[in-house]
Every structure is written in C-alpha cells, then in structure tokens.
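# Chain and residue survey
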Amino acid sequence: LECCTALIGFFSLSILAFVSLHTIQFSLWQIGVLVFLLLLFPTIVMGASLPLLSEYTIRRLPNVGKNVGSLYAANTFGAAFACFLTILLFTWMLGQSNTIKVAVAINIAVGLVAFLWSRTDSTIIGEQEQKQPSNSPVYFWPMMGLMFLTGYVALSYEIVWVHAYTVALSTDAPSFPLVLGYFLAGIEIGRAHV
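Quick look at the structure, then.

Cut-offs and rules
- Residues numbered from 1 in each chain as written.
- Predicted model: local features only at pLDDT ≥ 70, side-chain atom pairs only at ≥ 80, totals over all residues.
- Heavy atoms only, no water.
- Helix = DSSP H or I, 4+ residues; strand = E, 2+ residues; numbered from the N terminus.
- Buried < 20%, exposed > 50% of the residue type's maximum accessible area, 1.4 Å probe, protein only.
- Areas by Shrake-Rupley, 256 points an atom, 1.4 Å probe, with all protein chains shown as cover.
- Expected span 1.5 Å × (residues − 1).
- Axes fitted to C-alpha atoms, helices over the stretch in contact; angles between N-to-C directions.
- Parallel < 35°, antiparallel > 145°, perpendicular 65-115°, else oblique.
- Contact = heavy atoms within 4.5 Å.
- Nonpolar A, V, L, I, M, F, W, Y, C, P; charged D, E, K, R; others polar.

### What to know about the overall build of the protein chain
Helices and strands together make up the secondary structure of the protein chain, namely seven helices and zero strands. Listing every helix and strand of the protein chain by position from the N terminus yields α-α-α-α-α-α-α. Every one of the 194 residues in the protein chain was classed for burial, and the buried ones make up 19%. For the protein chain, the accessible surface area stands at approximately 14,400 Å², while carbon and sulfur atoms represent 74% of it.

### Points about helix H6 (residues 140–169)
For H6, with 30 residues, the first-to-last C-alpha span of 43 Å sits near the 44 Å given by 1.5 Å per residue. Buried residues of H6: Glu158, Val162 and Thr166, and no others.

### Side note on the packing of helix H2 (residues 28–47) against helix H3 (residues 49–60)
Contact geometry for H2 and H3: axes closest at 5 Å, N-to-C directions at 20°. When the interaxial angle is binned, H2 and H3 end up roughly parallel. In this structure, H2 contributes Val45, Met46 and Gly47 to the contact, and H3 contributes Ser49, Leu50 and Pro51. Across the contact of H2 with H3, the residue classes break down as four nonpolar, two polar and no charged.

### Notes on the environment of Phe11
Structurally, the position occupied by Phe11 is in helix H1 (residues 2–22). You can call Phe11 partly exposed: its relative accessible area is 40%. A C-alpha to C-alpha distance of 9.5 Å links Phe11 and Ile100, two positions 89 residues apart in sequence.

Laid out in structure tokens, this is it:
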C-alpha cells in the first residue's frame with residue numbers, strides 16, 4: 001500500500017496537469033464526477049493502511065483497546081505533523097515537485113520496511129490466522145450510525161473552516177494542509193483527554 005501510494009504520488013502532478021488541460025470545457029458536475037473518480041483509488045489505498053495496521057496489532061498484542069488507540073493516536077499525530085511540516089517547511093524550501101519526491105521516497109522506505117518486517121514476522125501470522133467468531137451486540141449498528149454522523153459533522157466543519165481560512169487569507173495553497181493539520185491535532189488532543 002505504501003509503495004502504491006508512492007507510485008500515485010510520483011505521477012500525481014502529471015495526471016493533474018493532463019486532466020486540467022483536457023477538462024477546460026467540462027461543466028461543474030462533470031468536473032465533480034471526474035475529481036471524485038480521480039481521488040477514489042488514491043484515497044482507498046491511503047485509507048487502507050490504518051485498518052491493516054489495526055488488524056496486525058489486534059492479532060499480536062494483548063490489550064486491544066489500548067494498543068489500537070495508541071496506533072490511531074500515532075497515525076493522527078503523524079498526519080498532523082506531516083501537514084505542518086509539508087506546508088511550512090518542505091514546500092517552502094523545496095517547492096511542490098521536490099516535496100512530492102521526498103514524500104514518494106518516504107512512502108517507498110516505509111513500504112520496504114513493512115515488507116522486510118513481514119518476512120521476519122511470518123511465523124506469528126501463520127500461528128494466529130484463525131479468528132474468534134464475533135458476537136456483535138444489538139447496539140452495534142446504531143453505534144455505527146452515530147459514528148458515521150459524528151464523522152460527517154466533523155468533516156463538514158473541516159470543509160467550512162478550509163473555506164473560511166481561504167477567504168480570510170485570500171489564498172488557496174496553504175489552506176487545506178494547515179486546517180487539516182490543526183483539525184487532526186485537535187482530534188489528537190481530544191483523544192489524549194478522554
């Protein structure tokens with residue numbers, strides 16, 4: 001997944017330049033559908049890493065709640081840190097194209113480390129392949145609905161803040177990563193106090 005993310009990142013500027021050049025005459029809804037389709041696969045690939053790490057953690061560590069919570073915390077803090085580091089340092093010092101190259105190199109390194117780790121840890125995976133049947137309580141689906149609703153509201157707030165920040169500063173470039181960084185940092189601080 002990390003190497004696939006690196007591959008997507010490597011070609012991202014070329015793909016976006018090609019698409020923007022050939023979609024000038026598109027209507028707003030056509031552009032919306034195209035952007036959705038362009039972002040669908042990269043989003044799935046990037047979003048799949050945390051569930052896979054969670055599954056790995058659940059199979060190997062005894063205190064599932066604490067360890068998966070710590071994994072989520074590290075993931076959230078890392079994402080917030082990367083947002084700030086990218087927009088405040090890398091993009092400013094290296095430019096957009098070279099910043100993407102740094103991100104590609106980091107993704108490849110993480111992918112290779114994960115691959116090498118999996119090669120040394122394969123016996124544990126084989127031993128614990130069997131799963132226990134899950135007994136979902138009656139309130140499982142209502143809880144999923146509430147989580148969906150709170151996620152929807154939280155991300156809606158993020159979108160509103162991105163627009164407000166963009167209008168206030170009259171700029172587009174740093175708006176999203178800065179607001180996303182603060183948003184993720186807020187989630188992490190909130191998690192630390194729960």
